[in-house]
Amino acid sequence: ANALKKQGFSPRTIFKDAKTNEAAKIAAENYLEYLCEGLGNIVNIFQPEIVVIGGGISGEGDALLREINARMPDKIFTEKSFTKFAIAKLGNDAGIIGAAMLGEVG
């Protein structure tokens, strides 16, 4: 991941370029596969009601949720999972907003 950042790649640029660049398409596919493997493990172990996705990747919004929802049936071992996936409303700014709120309290 750090090697990609040094070359100017980020999840945002990889997903944006995946539409026109074969290398970016492969990188996006690998990212989604690893993400869904991890999410599948969380669902299989903890059976959460909801998993909220934040950080930079949350900027992909509904397109990311469509990919996750399409891949999850192959990752979940229970007969039927009730886990929902959502994008964090504050996206990548949650940490900054939380720090600002702490500053107001103190």
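Up top is the structure.
Residues numbered from 1 in each chain as written. Predicted model: local features only at pLDDT ≥ 70, side-chain atom pairs only at ≥ 80, totals over all residues. Heavy atoms only, no water.

Asker: Can you walk me through the pairing of strand S2 (residues 84–87) in this structure?
Answerer: As a general feature of sheets, a regular strand has side chains that alternate between the two faces. Pairing of strand S1 (residues 50–53) with S2, which is carried by 4 bridges, proceeds in the parallel orientation. Across the sheet, the residue bridging to Val 52 is Ala 86, located in S2. (Pairing = 2+ DSSP bridges. Helix = DSSP H or I, 4+ residues; strand = E, 2+ residues; numbered from the N terminus.)

Asker: In this structure, what is going on with helix H3 (residues 22–46)? I would like to understand it.
Answerer: For an α-helix, 3.6 residues make a turn, and residues three or four places apart therefore share a direction. Across its 25 residues, H3 extends 36 Å between first and last C-alpha, which sits within 8% of the 36 Å expected from 1.5 Å per residue. Residues of H3 that are buried include every one of Ala 24, Ala 28, Leu 32, Cys 36, Leu 39, Gly 40, Val 43 and Asn 44, and no others. Buried residues in H3 make contact with helix H2 (11–17), S1, helix H4 (61–71) and S2. Sitting at the head of H3, Asn 21 places a side-chain oxygen 2.8 Å from the backbone nitrogen of Ala 23. Two residues or fewer after H3 comes Gln 47, characterised by a positive phi angle close to 50°. (Expected span 1.5 Å × (residues − 1). Buried < 20%, exposed > 50% of the residue type's maximum accessible area, 1.4 Å probe, protein only. Contact = heavy atoms within 4.5 Å. Polar contact = N/O pair within 3.5 Å; in protein donor to acceptor, adjacent residues only side chain to side chain.)

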